[in-house]
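Below, each chain spelled out in residue letters.
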Amino acid sequence: MAEKAKGKKEQPKPTEKATPKPTGKPTEKPAGKPTEKPAEKPTEKPVEKPVEKPVEKPKAKKPEKVKKKEKGAYTRYKVDAAGLTRLRPYCERCGSGYFMADHGNRFTCGHCGFTRYKRA
């Protein structure tokens, strides 16, 4: 150990034998039958077409929904010289305050679903 401290460095041991470097001279083939390669045609690589992305159409803006105005009490009553008259009947199940909707051939309650058919 004292020898290492004096400055002697150990050389690494070679694990494999060094392979000889190739020289610049090509190796000669034995003079036998001359081998000729057939003339190779230059092969054309298939041209890759660029992938076309589907064209996105701009989305058309939807028209805004028109909000219906709430119908006031004036659509349910008629004012005469004699006083107020109801244009639509009250629901028989729910009582006063629940008018029935007019559907041409029937009256329907929107609260309970009761239906009363009109006389023909």
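Check the entry above for the structure.
Residues numbered from 1 in each chain as written. Predicted model: local features only at pLDDT ≥ 70, side-chain atom pairs only at ≥ 80, totals over all residues. Heavy atoms only, no water.

Draft legend 1. Quick peek at the overall build of the protein chain. Scanning the protein chain for helices and strands turns up one helix and six strands. When its helices and strands are written in sequence order, the protein chain yields α-β-β-β-β-β-β. The burial tally for the protein chain puts 7% of its 120 residues in the buried class. A sequence separation of at least 24 residues applies to 3% of the contacts in the protein chain between residues at least 6 apart. Taken as a whole, the protein chain presents about 13,800 Å² of accessible surface, with 55% of it coming from carbon and sulfur. (Helix = DSSP H or I, 4+ residues; strand = E, 2+ residues; numbered from the N terminus. Buried < 20%, exposed > 50% of the residue type's maximum accessible area, 1.4 Å probe, protein only. Contact = heavy atoms within 4.5 Å. Areas by Shrake-Rupley, 256 points an atom, 1.4 Å probe, with all protein chains shown as cover.)

Draft legend 2. Focus on the sheet that holds strand β4 (residues 95-102). Taking strand neighbours across the sheet as the criterion, the four strands line up as β3-β4-β5-β6 in an open arrangement whose pairing is antiparallel. Strands at the two margins of the open sheet, each flanked by one partner only, are β3 (90-91) and β6 (115-117). Pairing of β3 with β4 involves two bridges; the strand directions are antiparallel. When the sheet's bridge partners are listed, Tyr90 is paired in β4 with Phe99. (Pairing = 2+ DSSP bridges.)

Draft legend 3. Local environment of the pairing of β4. Adjacent in sequence and paired antiparallel, β3 and β4 are bridged by three residues. In this sheet, strand β5 (residues 106-109) lies alongside β4 in antiparallel orientation, the contact comprising three bridges. Bridge pairing links Met100 to Cys109 in β5.

Draft legend 4. Fine view of the pattern of salt bridges. Under the defined criterion, the tally for this structure stands at two salt bridges. Taking the shortest distance from any N to any O, the salt bridge between Glu92 and Arg116 comes out at 3.0 Å. Placement of the pair is Glu92 in the loop between β3 and β4 and Arg116 in strand β6, with a sequence separation of 24 residues. With a shortest N-O distance of 2.5 Å, Asp102 and Lys118 are connected by a salt bridge. In this pair, Asp102 is assigned in strand β4 and Lys118 in the segment after β6, connecting sequence segments 16 residues apart. Here Asp102 falls in the partly exposed class, since its relative accessible area comes to 44%. By relative accessible area, Lys118 is classed as partly exposed at 31%. (Salt bridge = Lys/Arg side-chain N within 4 Å of Asp/Glu carboxyl O.)

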